[in-house]
Amino acid sequence: MSDFELDPRLDHDTIMIGDWPLCRVLMMNESRYPWFILVPRREGLRELHELDLAATAQLWLESRRLADYLQREFSPDKLNIAALGNVVPQLHVHHIARFAGDAAWPAPVWGAHPQAPLPAAELQARCVRTRTALPDLD
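An account of the accompanying structure is given in this report.

1. Concerning the layout of surface pockets
If you add up the space inside the largest pocket, you get close to 490 Å³. Forming the walls of the largest pocket are 23 residues, and the residues nearest its centre are Arg9, Met28, Trp35, Trp110 and Gly111. Counting only elements with at least two residues in the lining of the largest pocket, the list comes to helix H1 (8-13) and strand S3 (35-40). Looking at the lining of the largest pocket element by element, the count peaks at three residues for H1. For the lining of the largest pocket, a count of residues per class yields twelve nonpolar, seven polar and four charged.

2. Digging into the pattern of salt bridges
Counting across every chain of the model gives eight salt bridges. Arg32 is the partner of Glu30 in a salt bridge, and the nearest nitrogen-oxygen pair spans 3.3 Å. Taking relative accessible area as the criterion, Glu30 reaches 3% and is therefore assigned buried. Using a relative accessible area of 28% as the deciding quantity, one classes Arg32 as partly exposed. Counted as one network, the salt bridges with shared partners bring together Asp19, Arg24 and Arg41.

3. A few points about the side chain of Thr14
Mapped onto the secondary structure, Thr14 falls in strand S1 (residues 14-19). Exposure remark for Thr14: the relative accessible area of 8% places this residue in the buried category. At a separation of 2.5 Å, a polar atom in the side chain of Thr14 contacts the main-chain carbonyl oxygen of Leu10. Dropping the residues within four chain positions of it, Thr14 is found in contact with Leu26, Met27, Met28 and Ile37.

Criteria and thresholds
- Residues numbered from 1 in each chain as written.
- Predicted model: local features only at pLDDT ≥ 70, side-chain atom pairs only at ≥ 80, totals over all residues.
- Heavy atoms only, no water.
- 1 Å grid on protein atoms, 1.4 Å probe; cavity = no way out; pocket = protein on both sides within 12 Å on 5 of 7 lines; lining within 4 Å.
- Points joined across faces, edges and corners; volume = space filled by probe spheres on them.
- Helix = DSSP H or I, 4+ residues; strand = E, 2+ residues; numbered from the N terminus.
- Nonpolar A, V, L, I, M, F, W, Y, C, P; charged D, E, K, R; others polar.
- Salt bridge = Lys/Arg side-chain N within 4 Å of Asp/Glu carboxyl O.
- Buried < 20%, exposed > 50% of the residue type's maximum accessible area, 1.4 Å probe, protein only.
- Polar contact = N/O pair within 3.5 Å; in protein donor to acceptor, adjacent residues only side chain to side chain.
- Contact = heavy atoms within 4.5 Å.

Here is the structure:
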């Protein structure tokens, strides 16, 4: 895993929260929706089926852990969990807390609006809350 490099677009659009055994946990700097991304720290992956069975199981454990946190922290009406990769080919899994009446509801968030960054203080507070709630991040 030492050859892992985060796609430049993900690096630009997100804040690193930390690492779990398989995935880097990222938070989108987006004010409309609580939006996190898991990126398996394996070089060259583009599709979920390219993970071996053990890594697939680990990804789903980490995804479930993140989804549980989003449900507790934000109480969304729906969680959107998806791996698209149409713009950023590096394998990554979006976890977005959605609310009836949010800026894109009920449509997908992708391409609905330009990115709307969080105010600096709110961004910092959300990072701290997330790292505190998920204390085993490296």
